[in-house]
Amino acid sequence: MSLSQDDVEKVSLLARLLLTEEELTTMTGQMRDIVGYVEQLNELDTTDVEPMAHAVEQFNVFAADEVAPSLSRDEALANAPKRDDECFRVPAVLGE
């Protein structure tokens, strides 16, 4: 697959990047190189390779929940610009 400068310009606009002509030329060359490297992967025989989500196998990456002291309701609401007895008060966003 070969990338044209128009392809790179379209991608840059989708990414909301305004590139100068010089940057566009440089980026086109760099993206062609990247696509070339990715195409090299198609040459590998992956029939016996099991798909994986991570390069390194991971188990139980989450820490166990532990009960710990926390702020009281009054401490949590102390610096709120608007509050009532129990909650933060925020402007309505759904028209209510």
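Here the structure is shown first, and the text comes after it.
The model shown is predicted, which means the values in this text are computed figures rather than measured ones.

Trainee: Can you break down the overall build of the protein residue by residue, with the values?
Mentor: The number of helices and strands found in the protein is three helices and zero strands. In sequence order, the secondary structure elements of the protein are arranged as α-α-α. Here the C-alpha radius of gyration of the protein, 26 Å, is well above what a compact globule of 96 residues would show, namely 12 Å. Taken along the three principal axes of its C-alpha coordinates, the protein extends 65 × 45 × 25 Å.

Trainee: With reference to specific residues and values, describe the pattern of salt bridges.
Mentor: A full pass over the atoms with the stated rule returns two salt bridges. Between Asp 84 and Arg 89 there is a salt bridge, with the nearest N and O atoms lying 3.8 Å from each other.

Trainee: Break down unusual backbone geometry for me, citing the residues and quoting the values.
Mentor: A positive phi angle, close to 60 degrees, is found at Arg 16, a residue other than glycine. Here Arg 16 shows up in the loop between helix H1 (5-14) and helix H2 (21-40).

Trainee: An account of a nonpolar patch on the surface is requested, with residue identities and associated values reported.
Mentor: On the surface, a nonpolar cluster with roughly 400 Å² of combined accessible area is contributed by Ile 34, Val 38, Leu 41 and Leu 44. On the secondary structure map, Leu 41 appears in the loop between H2 and helix H3 (73-77).

Trainee: Requested: an account of the side chain of Ser 12, with residues and values cited.
Mentor: Locating Ser 12 in the fold gives a position in helix H1. Among the residues examined, Ser 12 registers a relative accessible area of 6% and is labelled buried. Ignoring any residue separated from it by four or fewer positions in sequence, one finds Ser 12 in contact with Leu 17 and Leu 19.

Here is what the cut-offs are and how they apply
- Residues numbered from 1 in each chain as written.
- Predicted model: local features only at pLDDT ≥ 70, side-chain atom pairs only at ≥ 80, totals over all residues.
- Heavy atoms only, no water.
- Helix = DSSP H or I, 4+ residues; strand = E, 2+ residues; numbered from the N terminus.
- Rg over C-alpha atoms; globule rule 2.2 N^0.38 Å.
- Salt bridge = Lys/Arg side-chain N within 4 Å of Asp/Glu carboxyl O.
- Patch = residues over 30% accessible without salt bridge, like charges linked within 9 Å, V, L, I, M, F, W, Y side chains within 5 Å.
- Areas by Shrake-Rupley, 256 points an atom, 1.4 Å probe, with all protein chains shown as cover.
- Buried < 20%, exposed > 50% of the residue type's maximum accessible area, 1.4 Å probe, protein only.
- Contact = heavy atoms within 4.5 Å.

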